[in-house]
Amino acid sequence: MWVLVLTPERVERVRELIDSSYTIVTDAIENHVLADGRDLAAVVILFSGGNDSTVLAHLFRRHANYAAHINTGIGIEQTREFVRDICKAWELPLIEESPPPGNTYEELIMDQGFPGPAHHWKMYQRLKERALRNVRRQLVSNPRRERVVFLAGRRRDESRRRQDIPTVEREGSVVWVSPLANWTALDLNTYRSLADVPRNEVADLIHMSGECLCGAFAKPGELEEIAFWFPEVAEHIHELERKVAAAGQARCQWGWGAYRDKTRSKAGPLCSSCVALAA
């Protein structure tokens, strides 16, 4: 059994990373909100339910106003329950948002078939980005006067795609901040051991958060793995396959792009698991 050894050097590194993460967020608020004469509407942790985002939530649970979870409609319910339970335990107000009507996963696949790698960006926009816009609208009443800070768990060592991600970037009234940008997987494991951070069983079993199973970046054998641990989820996917086939769509198999080239496909800032699969 693998055991993490908490050497003094390792502990000191993580303590320095914690300080650096807090500084990144503080500087982002100072330079991209207050210095521009804007009001801070809220600091929001983007909480997928994966083990990495749980570290982010734990680290900033006393510094954020909300956590936000996007219920994509094609995920594992146990992950959503984990997010709700953690937010309740940590007294962190949760905003759970879903894609708007006309953009649900079932509606999209019934119209266009199941997505492959080239369609991942569209899935991200419809299932997550538009839902996140609704989170912003709830918190920012006047975009000219207010800004909201979204804390995302993106890390530079996750994949080649993210090795150059900035720690801070602004899009209109949203300031995106990546406090864990310089953390490695080992750093995260060290923090979990030091702080006794809860783990999501879903992520431990299938090695991703499971909050979005759109299938665009599916890997070979992924559905079989899901079926082994979560048969009800796999059956739901198979039922969708039957519906899509009956609708006459050619791409009627979930994860059909598992053997296709994923390197040219775009991944959004909330798709850490997808980025790892596509690396």
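Before reading further, recall that the structure is shown in the block above.
Residues numbered from 1 in each chain as written. Predicted model: local features only at pLDDT ≥ 70, side-chain atom pairs only at ≥ 80, totals over all residues. Heavy atoms only, no water.

*Asks:* Go over the overall build of the protein, please, and point to the residues and values.
*Replies:* Along its length, the protein carries ten helices and six strands. The 279 residues of the protein split such that 51% are buried. A fraction of 75% describes how many contacts in the protein between residues 6 or more apart in sequence connect residues 24 or more apart. Summing over all exposed atoms, the protein offers an accessible surface of approximately 13300 Å²; the carbon and sulfur share of this is 48%. (Helix = DSSP H or I, 4+ residues; strand = E, 2+ residues; numbered from the N terminus. Buried < 20%, exposed > 50% of the residue type's maximum accessible area, 1.4 Å probe, protein only. Contact = heavy atoms within 4.5 Å. Areas by Shrake-Rupley, 256 points an atom, 1.4 Å probe, with all protein chains shown as cover.)

*Asks:* Which residues make up the packing of helix H8 (residues 222-229) against helix H9 (residues 231-246), and what values do they have?
*Replies:* Contact geometry of H8 with H9 gives a least axis separation of 5 Å together with a crossing angle of 130 degrees. Considered as vectors, H8 and H9 are oriented oblique to each other. Listed contacts from H9 to Leu-223, Ile-226, Ala-227, Phe-228 and Trp-229 of H8 are Pro-231, Val-233, Ala-234, Ile-237, His-238 and Glu-241. Within the contact of H8 with H9, the residues separate by chemical class into nine nonpolar, one polar and one charged. (Axes fitted to C-alpha atoms, helices over the stretch in contact; angles between N-to-C directions. Parallel < 35°, antiparallel > 145°, perpendicular 65-115°, else oblique. Nonpolar A, V, L, I, M, F, W, Y, C, P; charged D, E, K, R; others polar.)

*Asks:* Account for the nonpolar core, naming residues and giving values.
*Replies:* Counting 34 residues, the largest nonpolar core has Ile-45, Phe-47, Val-149, Leu-151, Val-177, Trp-183 and Tyr-191 as its most contacted members. Excluding its chain neighbours within four sequence positions, the residues that come into contact with Phe-47 are Ser-53, Thr-54, Ala-57, Ala-67, Ala-68, His-69, Phe-82, Val-83, Ile-86 and Cys-87. Counting 25 residues, the second largest nonpolar core, distinct from the first, contains Tyr-105, Leu-127, Ala-218 and Val-233. (Core = buried A, V, L, I, M, F, W, Y, C linked by side-chain atoms within 4.5 Å.)

*Asks:* Give a description of the packing of helix H2 (residues 51-60) against helix H6 (residues 185-195) that names residues and reports values.
*Replies:* Helix-helix packing is characterised by the crossing angle of the two axes and by the distance between the axes. Their axes nearest at 10 Å, the elements H2 and H6 cross at an angle of 55 degrees. Comparing the axis directions of H2 and H6 gives the class oblique. In this structure, H2 meets H6 at a crossing whose hand is left-handed. In contact with Asn-51, Asp-52, Val-55, His-58 and Leu-59 of H2, H6 contributes Leu-188, Tyr-191, Arg-192 and Ala-195. (Left-handed = near helix turned anticlockwise from the far one by under 90°.)

*Asks:* Describe helix H5 (residues 120-139), listing the residues and the values that go with them.
*Replies:* Taking 1.5 Å per residue, 20 residues should reach 28 Å; H5 reaches 28 Å between its end C-alpha atoms and fits that length. Largest kink in H5: about 35 degrees, centred on Arg-126. His-120, Met-123, Tyr-124, Arg-126, Leu-127, Lys-128, Ala-131, Leu-132, Val-135, Arg-136 and Leu-139 are the residues of H5 that are buried. (Expected span 1.5 Å × (residues − 1). Bend = angle between axes of the 7 residues up to and from the residue.)

*Asks:* Any details on unusual backbone geometry? Residues and values, ideally.
*Replies:* At Glu-91, a position not held by glycine, the phi torsion is positive, near 55 degrees. Of note, Glu-91 is situated in the loop between helix H3 (77-89) and strand S3 (94-97). Unusually for a residue other than glycine, His-207 sits at a positive phi of about 65 degrees.

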